[in-house]
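# Examination of the molecular architecture
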Amino acid sequence: MARSSLLLYYFSGSGSGSGSFRSFFFFIPTTLALTTSLFILFYISTTSNLFTHYHPPDPSFLGLNSPFGSSTFSPLTRQTAPISFHNHSKTPFQLQVPQIVRLGEGGFGSQRPLEPRFPPDDHGNYVNYNKVYHDRDIFEEDYKEMNTSFKIYVYPHRRNDPFANVLLPVGSQPGGNYASESYFKKVLMSSHFITKDPTKADLFFLPFSIARLRHDPRIGVGGIQDFIKDYILNISQKYPYWNRTGGADHFYVACHSIGRSAMDKAKEVKFNAIQVVCSSTYFQPGYIAHKDACLPQIWPRQGVLPKLSSSNRKKLAFFAGKINSPVREKLLQVWRNDTEIFAHFGRLTTPYADELLGSKFCLHVKGFEVNTARIADSLYYGCVPVIIADYYDLPFADILNWKSFSINVATLDIPLLKKILKRFSFEEYLMLQGNALKARKHFQWHLSPVDYDAFYMVMYELWLRRSSIRLPLNAFVHPN
């Protein structure tokens, strides 16, 4: 008791030592705060380029030392992080998750580059950025196997089905901004990939059309979720295929962004099935990059490809579209009155095709969603795409080396756009444009599919994602 009283007396500030005691307790937190601040500054200085000027790597790492000589290096690169995924191909499927990286532009508003800047491959060799494909030999070998062995089972529906307009292919030629969804289903249903024997199927197709459900007055936007929920319940009760894997070997296709929320009442579709969608952003929780795949949004064009030799590309960059996102608002704010970057909002007074043919770079700028048809438009008219859409899981990113034919600019770097584009020498631009023309065939739809066109590329993506495990149907019993 005496000891407790002594402690209380001591800490109460009474006694001759109270002054020195207060000084002692003031000194301790001050010293800790100073030490912590110094430690934080030291950590930032050793792990960030905030206080240091970044010296770019040798341009030869980009494969630009020949034939470009001492030309300035490309200011952007999109490094990719491989994620392994089981499949039957010659090598494990590696999803290339793109990450925007700026080179030589340290400071605020930039995403910190990954280390090392240009990682070597498994053999210690630096990546050749001239290549349109990550590995063309493996791709072509796997493509042949896919083309001969891949089989899809489609849940059958009759012409007199009340929702035949939603479940069967369209009768006419697909058109419009979301034509990719209808094109894929129409071409698939008449292709050699279809099997009527479910025991031979690698994947099962859920044939409902999100676009048609959206416009059906019996369903509409508000009824899509219930329709999908009821559809999954019906097939799971009528057939054994969904229940044996929980839908992991099933897929659906959608191009309108409403397809993402359409699965909110059928969570097993969102988290188990393969979603082939145009709105492929790994920023949203509904899209799982290693499971789902990007469907390229393509405005269908028929006839002979435009003659690019006669095009006179006087504009540095071109964009036309609605102001439906903060990203586009920023682009307009910075570049509205520029004489080299043409940023137009509203109806054009000149043909859209002429503007694409007259520009060196064509801007794909995020609107309501990350996806638009502008990448395919750019490639069709031989214009190098500039992608300003953070977190966009680009079409066929595990096959195509996007950095070889496009430029990815972070949305925060819109004020630096002209500086970024002008760093490319004429020779470097010709390399990008030449590779863009090589990639163009992958972004075209045909009613009678052509090898390596958009249909076959989507099929290849599905083939990569098919299950490695085949379970017998009799291994599963329906609950009573």
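Before any of the text, the structure's been laid out above.
The following refers to the structure shown. Because the structure is a prediction, the values reported are computed rather than measured.

Turning next to the pattern of salt bridges. Applying the stated rule across the entire model yields 13 salt bridges. Measuring nitrogen to oxygen at the nearest pair gives 3.7 Å for the salt bridge that ties R244 to D249. Classification of D249 as buried rests on a relative accessible area of 5%. Put simply, D264 and K270 hold a salt bridge, and the shortest N to O gap is 2.8 Å. We classify D264 as partly exposed; its relative accessible area is 30%.

The packing of two helices is summarised by the inter-axis angle and the distance between the axes. Helix α16 (residues 454-464) packs onto helix α5 (residues 179-189) with a crossing angle of 80 degrees between their chain directions and a minimal axis gap of 10 Å. The angle between α5 and α16 places the two elements in the roughly perpendicular class. Of the residues in α16, those touching α5 at F184, V187 and L188 are F455, V458, M459 and L462. Tallied by class, the residues present in the contact of α5 with α16 amount to seven nonpolar, no polar and no charged.

For the rest of this paragraph, the subject is the state of the cysteines. In the structure shown here, the tally under the stated rule is two disulfides. Two residues, C255 and C278, share a disulfide whose sulfurs are 2.2 Å apart. Across the S-S bond of C255 and C278 the torsion is about -95 degrees, and the bridge reads as left-handed. Of the two residues, C255 is situated in the loop between β5 (250-254) and α9 (258-261) and C278 in the loop between β6 (274-277) and β7 (293-294); the sequence distance between them amounts to 23 residues. By the burial criterion, C255 is buried, and C278 matches it.

Reading the values: rules and limits
- Residues numbered from 1 in each chain as written.
- Predicted model: local features only at pLDDT ≥ 70, side-chain atom pairs only at ≥ 80, totals over all residues.
- Heavy atoms only, no water.
- Salt bridge = Lys/Arg side-chain N within 4 Å of Asp/Glu carboxyl O.
- Buried < 20%, exposed > 50% of the residue type's maximum accessible area, 1.4 Å probe, protein only.
- Axes fitted to C-alpha atoms, helices over the stretch in contact; angles between N-to-C directions.
- Helix = DSSP H or I, 4+ residues; strand = E, 2+ residues; numbered from the N terminus.
- Parallel < 35°, antiparallel > 145°, perpendicular 65-115°, else oblique.
- Contact = heavy atoms within 4.5 Å.
- Nonpolar A, V, L, I, M, F, W, Y, C, P; charged D, E, K, R; others polar.
- Disulfide = S-S within 2.5 Å.

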